[in-house]
Amino acid sequence: MAGHTTEAHPHGADRLCDAGDRVYSRAVRRGRVSRQDAESVPCLVELALLHPDPDDMGWLVPTSPQEVMTRLLREMHEHVVATQSRMGEAVSAFEWYAALGGDARSPAGAVAIRVLDGLPRIRAAMDEATEACTSEVLAVQPGGIRREDELSEGLHRALALRRRGVRMRDLYTHVARHGQGLRNYMELMEEAAEARTLDEVTERLIVFDRTVAFIPASPDRTMALELRHPALVSYLVTVFERLWRLAIPLTAPLPDTGIEGITHRERSIAALLAEGHQDAVVAERLGISVRTCRAHIARLSETLGAASRTQLGVRIAQAGLDGPPRAAELQPLTVPNRPGSPSDR
């Protein structure tokens, strides 16, 4: 019966159901109401609006409206006080957690880390940063040969920066050297831009005036982080500068490997294979396709005279290709004889 009452009369004393309102009004006017008349509205007893008449248990007498109102106001006051207390606790907890991460905003009041979801928001933020930039842009562009659509997508920003005399420095992988689109882009930028290349670079990074940086926040690069925290931006600038110092200008040729018959790219592949990386990982890090990577590995195996991957690892170590070039490799080295030669028997 109680369960049924809860479902049939889901209300409080301040909002009686129609049947309860009629019976309670009658009880207030007459001073009491019979139990039989109140059977259809057990909510009145549950809410303490009616209670048994001590002189005759067959009747119910009403609680005075003044007492009901006082009780309701007291309950409402207690609820407000409890809510205020919870709000205070929530504010204190938030302030405590916020203090753990230090200042959540940059000195200028901008949000230190902002998530940009979707290419339109990323492009809009990049355009805004471009307009505000006055002196320098640093960029790391991973991958292989730069596609025409990638270069043209940011061309309007680069041209705007060039018109304002902003200096641009870009880092690419060595593979990007083989793309005519990049060379055309650099010629268009004239003295405003300078590019250097490395065997491999970090993920994409763009820094404007050393105050705001953009990095990917998802593998497909449809989400990005806009960073304005001075410590984070300073760290990224330091990473860029150290890579820049190690990189080779786009206008300069790649150095000779010092080992006859082995190209610079094959040397890079050999070093990554020596670290235990799979073909797909090697290809991704160097910005080439897996098919191209395997073609280089096959040529490397042939040059070093390796009949298997295990033997290739041994020959890579013997030729000193398992790490950076050493001083002894300034002169061309003779690679091991292929299997079947007299000295290999």
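First things first, this report covers the structure right here in the doc. (Residues numbered from 1 in each chain as written. Predicted model: local features only at pLDDT ≥ 70, side-chain atom pairs only at ≥ 80, totals over all residues. Heavy atoms only, no water.)

**Structural notes on the nonpolar core**
In a soluble, globular protein the nonpolar side chains are often hidden away together inside.
Phase 1: In terms of nonpolar packing, the biggest core is built from 27 residues, with Val137, Met168, Leu182, Tyr185, Met186, Phe208 and Phe214 touching the most fellow members.
Phase 2: When contributions to this core are tallied by element, the ones reaching two or more residues are α6 (119-132), β5 (136-140), α8 (155-163), β6 (167-173), α9 (180-189), β7 (193-198), β8 (205-208) and β9 (212-216). (Core = buried A, V, L, I, M, F, W, Y, C linked by side-chain atoms within 4.5 Å. Buried < 20%, exposed > 50% of the residue type's maximum accessible area, 1.4 Å probe, protein only. Helix = DSSP H or I, 4+ residues; strand = E, 2+ residues; numbered from the N terminus.)

**A short note on the sheet that holds strand β3 (residues 56-62)**
Phase 1: Taken in spatial order, the three strands line up as β1-β3-β2 in an open sheet, and their pairing is antiparallel. In this open sheet, the two strands that pair with only one neighbour each are β1 (33-34) and β2 (50-53).
Phase 2: Where β1 and β3 come together, two bridges link them in antiparallel fashion. When the sheet's bridge partners are listed, Val33 is paired in β3 with Leu60. (Pairing = 2+ DSSP bridges.)

**Concerning the pairing of β8**
Phase 1: Neither face of β8 is exposed, since Leu205 and Val207 on one face and Ile206 and Phe208 on the opposite face are all buried.
Phase 2: Sheet topology note: the β5/β8 ladder contains four bridges and is antiparallel. Residue pairing for β8: Val140 is matched across the bridge by Leu205.
Phase 3: Pairing analysis gives three bridges linking β8 to β9, with the strands arranged antiparallel. For Val207, the partnering residue across the bridge sits in β9 and is Ala213.
Phase 4: The turn joining β8 and β9, which pair antiparallel and follow one another in sequence, is formed by three residues; a positive phi near 50 degrees is taken by Asp209.

**Quick notes on a nonpolar patch on the surface**
Phase 1: The grouping of Met69, Leu73 and Met76 at the surface amounts to a nonpolar patch, some 320 Å² of accessible area in total.
Phase 2: Examined against the element boundaries, Met69 turns out to sit in helix α5 (residues 65-100).
Phase 3: The exposure class assigned to Met69 is partly exposed, which follows from its relative accessible area of 46%. (Patch = residues over 30% accessible without salt bridge, like charges linked within 9 Å, V, L, I, M, F, W, Y side chains within 5 Å. Areas by Shrake-Rupley, 256 points an atom, 1.4 Å probe, with all protein chains shown as cover. Salt bridge = Lys/Arg side-chain N within 4 Å of Asp/Glu carboxyl O.)

**A closer look at the packing of helix α11 (residues 264-274) against helix α12 (residues 279-286)**
Phase 1: Interhelical geometry of α11 versus α12 gives an angle of 135 degrees and a closest axis separation of 10 Å. As the angle between them shows, α11 and α12 are arranged oblique. At the point where α11 passes α12, the crossing takes the right-handed sense. In this structure, α11 contributes Ser268, Ile269, Leu272 and Leu273 to the contact, and α12 contributes Asp279, Val282, Arg285 and Leu286.
Phase 2: Of the residues assigned to the contact of α11 with α12, the class counts are five nonpolar, one polar and two charged. (Axes fitted to C-alpha atoms, helices over the stretch in contact; angles between N-to-C directions. Parallel < 35°, antiparallel > 145°, perpendicular 65-115°, else oblique. Left-handed = near helix turned anticlockwise from the far one by under 90°. Contact = heavy atoms within 4.5 Å. Nonpolar A, V, L, I, M, F, W, Y, C, P; charged D, E, K, R; others polar.)

**Focus on the pattern of salt bridges**
Side-chain pairing between opposite charges can occur once the charged atoms of the two side chains come close.
Phase 1: Under the counting rule described, the total for this entry stands at 14 salt bridges.
Phase 2: Salt-bridge contacts for Arg196 lead to Glu194; the nearest nitrogen and oxygen are separated by 3.7 Å.
Phase 3: When its relative accessible area of 17% is taken as the criterion, Arg196 is described as buried.
Phase 4: Taking the relative accessible area as the measure of exposure, Glu194 reaches 28% and is therefore partly exposed.
Phase 5: Asp279 serves as the salt-bridge partner of Arg294, at 3.1 Å between the closest nitrogen and oxygen. Of this pair, Arg294 sits in helix α13 (residues 290-304) while Asp279 sits in helix α12, and the two are 15 residues apart along the sequence.
Phase 6: Taking the relative accessible area as the measure of exposure, Asp279 reaches 10% and is therefore buried.
Phase 7: Taken together, the shared-partner salt bridges connect Glu136, Arg169, Arg210 and Glu241 into one network.

**Some remarks on the side chain of Thr197**
Phase 1: Relative to the elements of secondary structure, Thr197 occurs in strand β7.
Phase 2: The class for Thr197 is buried, based on a relative accessible area of 0%.
Phase 3: Within the local environment of Thr197, its side chain forms a polar contact with the side chain of His174, the two groups lying 2.7 Å apart.
Phase 4: Within the local environment of Thr197, its side chain forms a polar contact with the side chain of Arg177, the two groups lying 2.8 Å apart.
Phase 5: Once residues lying within four places of it in the same chain are set aside, the contact partners of Thr197 are Tyr172, Thr173, His174, Arg177, Ala247, Ile248, Leu250 and Leu254. (Polar contact = N/O pair within 3.5 Å; in protein donor to acceptor, adjacent residues only side chain to side chain.)

**With respect to helix α2 (residues 18-30)**
Side chains that are three or four residues apart share a direction in an α-helix, a result of its 3.6 residues per turn.
Phase 1: Here α2 is 13 residues long and its end C-alpha atoms lie 18 Å apart, about the 18 Å a rise of 1.5 Å per residue gives.
Phase 2: All buried positions along α2 are accounted for by Gly20, Val23, Tyr24 and Ala27. Angularly, the buried residues of α2 cover 95 degrees about the axis, an arc narrow enough to put them on a single face. Exposed residues lying more than 90 degrees from the buried face of α2 are Asp18, Arg22, Arg29 and Arg30.
Phase 3: Trailing α2 by a residue or two, Gly31 shows a phi angle of about 95 degrees, which is positive. (Expected span 1.5 Å × (residues − 1). Arc of directions from axis to C-beta.)

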